[in-house]
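Here's the letter readout for the chains.
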Amino acid sequence: MKFIVFRYNPDLDATPRMQEYDVEVTRGMMLRDALLEIKRQDESFSFRHSCGEGVCGSDGLNVNGTNLLGCITRVSDLKEPVKVRPLPGRPVIRDLVVDMSQFYQQYRAVEPYLIRRDPLPEQEILQSPEERDKLDGLYECIMCGCCSTSCPSFWWNPDKFHGPQALLQSWRFLADSRDQATDERLDALEGPYKLFRCHTIMNCVDVCPKHLNPTKAIGKIKELMLERAI
Amino acid sequence: MSRQASGLRAWALQRISAVYLGLYIIYFLGVLLICPPDTYEAWKAFVGDPWGSMAMLLFFSSLLLHAWVGVRDVLIDYVHPMMIRVTLLTVFGIGLIGSSFSIAKAIFLAGLQS
Ligand code: SF4
Ligand code: SF4
Ligand code: FES
């Protein structure tokens, strides 16, 4: 099977190039396996990966124009020739390895942890099953970055717009019955950039390998804001 | 408009104006289909009717507000150098305000003459 892979080493190459590789497909082969095979053929090629089962979120890639995780994508489901590129919009460190710093900064900016005003109880803070259910579809995010790097609003303003991943996590804590910083969180999201650059394009929903829905979470944040404003 | 309010307020304005635009367009198409004013006089009466002119003024206000939020969004997305952005915002702002005066004049004149 033919693979056309993005190659760029900023230290040596003046411009990026697309390099062709031929990989013999075995049964059940995932894209990550094919990339490992390419690495066997050509040691100078680099890409990130770790768990191999869609849990660590390190092998987000852009394949035939769509962001996905290499380790849970069957090679047989891909159209030949398979064009493999790094996640769009991020600075390339080398080949398929990109710099995700801004993505992590946006995550950090939403304070992704429980904030309590009351003194902490001796034991755990209890939640009803219904309250717990509200976190389903939110906490499963593995931070692969497929969503934010497919979001045009994040491409144009990665320094100011939080992006779908961080906003999904923002809602994850807004929706948590144990969190007590709702007003501060909402106030921090005001202004035209952090939240309101989202134009409901829904690329994020299309690509999330965990089938999460950042657009819906963003809608809920806006609703809550509106509720609190009137 | 305070810096703080410009996110939620613009977004809410965009939604509300969109709803009114949709409703008015349906109403207007209905008028055109069912009893279209066929002469200049009939048009003048249609535009000059107190309720009709109110609805129409509101329609154009919504249209201009909606356009303003849209233009502002596009410029925030794509035009990053501050000077160019401010200049473009000013140009569009003046254009929209100018249009609103000319629309208001047309509607009020029709109201006065009918
Ligand atoms: S929301 Fe989905 S696509 Fe986005 S970082 Fe989390 S797991 Fe990845
Ligand atoms: S819905 Fe919002 S966050 Fe998701 S891709 Fe579109 S603009 Fe980005
Ligand atoms: S290698 Fe861990 S998610 Fe793919």
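Residues numbered from 1 in each chain as written. Chains lettered and ligands numbered in written order. Predicted model: local features only at pLDDT ≥ 70, side-chain atom pairs only at ≥ 80, totals over all residues. Heavy atoms only, no water.

A. The overall build of chain B, seen in detail. The number of helices and strands found in chain B is 4 helices and 0 strands. Relative to a compact globule of 114 residues, whose C-alpha radius of gyration would be 13 Å, chain B shows 17 Å and is clearly more extended. Based on the C-alpha atoms only, the size of chain B along its principal axes is roughly 50 × 25 × 20 Å. A total of 114 residues make up chain B; the buried ones form 33% of that total. (Helix = DSSP H or I, 4+ residues; strand = E, 2+ residues; numbered from the N terminus. Rg over C-alpha atoms; globule rule 2.2 N^0.38 Å. Buried < 20%, exposed > 50% of the residue type's maximum accessible area, 1.4 Å probe, protein only.)

B. Broad picture of the site of ligand 2. Residue and element names in this part refer to chain A. What surrounds ligand 2 is the set Cys151, Ser153, Pro164, Cys198, His199, Thr200, Ile201, Met202, Asn203, Cys204, Thr215 and Ile218. Elements represented by at least two residues in the shell around ligand 2 include exactly α7 (203-207) and α8 (214-229). For the shell around ligand 2, the per-class residue count stands at 7 nonpolar, 5 polar and no charged. (Near = heavy atom within 4 Å. Nonpolar A, V, L, I, M, F, W, Y, C, P; charged D, E, K, R; others polar.)

C. Layout of the UniProt feature "binding site: a ubiquinone" (unreviewed entry) in chain B. The positions that UniProt labels "binding site: a ubiquinone" (unreviewed entry) are, in the present scheme, B:Tyr78. Assignment of secondary structure puts B:Tyr78 in helix α3 (residues 50-78). (UniProt positions renumbered as here; feature names shortened; annotations may be inferred.)

D. Summary view of helix α6 (residues 182-189) of chain A. All names here are of chain A. If you check which residues of α6 are buried, you get Thr182, Arg185, Leu186 and Leu189. Angular distribution of buried residues about the axis of α6 spans 95°; they occupy a single face of the element. Each element contacted by the buried residues of α6 is listed here: α5 (163-174) and α8. Of the residues flanking the end of α6, it is Gly191, one or two places downstream, whose phi is positive at about 95°. (Arc of directions from axis to C-beta. Contact = heavy atoms within 4.5 Å.)

E. Molecular detail of the interface of chain B and chain A. On the side of chain A, 14 residues touch chain B, which itself brings 15 residues to the contact. In terms of surface lost to chain A, no three residues of chain B exceed B:Leu8, B:Trp11 and B:Asp77, which account for 43% of the buried area on that side. Between chain B and chain A we count 2 salt bridges in total. In this structure, B:Asp73 and A:Arg197 form a salt bridge, with 2.6 Å as the shortest nitrogen-oxygen distance. For the pair chain B and chain A, the interface holds 8 residue pairs in polar contact (both at pLDDT 80 or more). Secondary structure elements with two or more residues in the side of chain B that touches chain A: α1 (8-34) and α3 of chain B. A class-by-class count of the residues in the side of chain B that touches chain A yields 6 nonpolar, 4 polar and 5 charged. (Buried area = accessible area lost by both parts, 1.4 Å probe. Salt bridge = Lys/Arg side-chain N within 4 Å of Asp/Glu carboxyl O. Polar contact = N/O pair within 3.5 Å; in protein donor to acceptor, adjacent residues only side chain to side chain.)

F. Representation of the domain arrangement of chain A in the model. Residues and elements named next belong to chain A. For chain A, the domain assignment lists domain 1 (2-98) and domain 2 (100-229). The straight-line distance from the C-alpha centre of domain 1 to that of domain 2 is 29 Å. Taken together, the contact between domain 1 and domain 2 spans 16 residues of the former and 15 residues of the latter. Summing both sides of the interface, domain 1 and domain 2 together bury roughly 1100 Å²; the carbon and sulfur share of this comes to 60%. The interface formed by domain 1 and domain 2 includes 0 salt bridges. Among the elements that make up the side of domain 1 that touches domain 2, the one with the highest residue count is strand β4 (residues 66-69) (4 residues). Taken together, the residues of the side of domain 1 that touches domain 2 break down into 8 nonpolar, 6 polar and 2 charged. (Domains from an automatic or database assignment.)

G. View of the sheet that holds strand β2 (residues 17-22) of chain A. Residues and elements named next belong to chain A. Spatially, β2-β1-β5-β3-β4 is the arrangement adopted by the 5 strands of the open sheet, whose pairing is mixed. Only two strands of the sheet have a single partner each, and these edge strands are β2 and β4. For this sheet the average axis-to-axis angle between neighbouring strands, irrespective of direction, equals 35°. Across the sheet, helix α1 (residues 31-41) touches β1 (2-7), β2, β3 (60-63), β4 and β5 (82-85), and the angle it forms with β1 is around 70°. (Pairing = 2+ DSSP bridges. Axes fitted to C-alpha atoms, helices over the stretch in contact; angles between N-to-C directions.)

H. Layout of the site of ligand 1. In the region of ligand 1, the neighbouring residues are A:Cys141, A:Ile142, A:Met143, A:Cys144, A:Gly145, A:Cys146, A:Cys147, A:Gln165, A:Leu168, A:Cys208, A:Pro209 and A:Lys210. Its residues assigned to classes, the shell around ligand 1 shows 9 nonpolar, 2 polar and 1 charged.

I. Structural context of the side chain of A:Glu190. Mapped onto the secondary structure, A:Glu190 falls in the loop between α6 and α7. Only 3.3 Å separates the side chain of A:Glu190 from the backbone nitrogen of B:Gly7, close enough to count as a polar contact.

J. Structural view of the pairing of β1(A). Residues and elements named next belong to chain A. Most of β1 sits inside the fold, with 5 of its 6 residues counted as buried. Pairing geometry for β1 and β2, over 6 bridges, is antiparallel. Among the inter-strand pairings, Arg7 is bridged to a residue of β2, identified as Arg17. Judged from the 3 bridges that link them, β1 and β5 form a sheet pairing that is parallel. Considered in β5, the bridge of Val5 is made with Val84.

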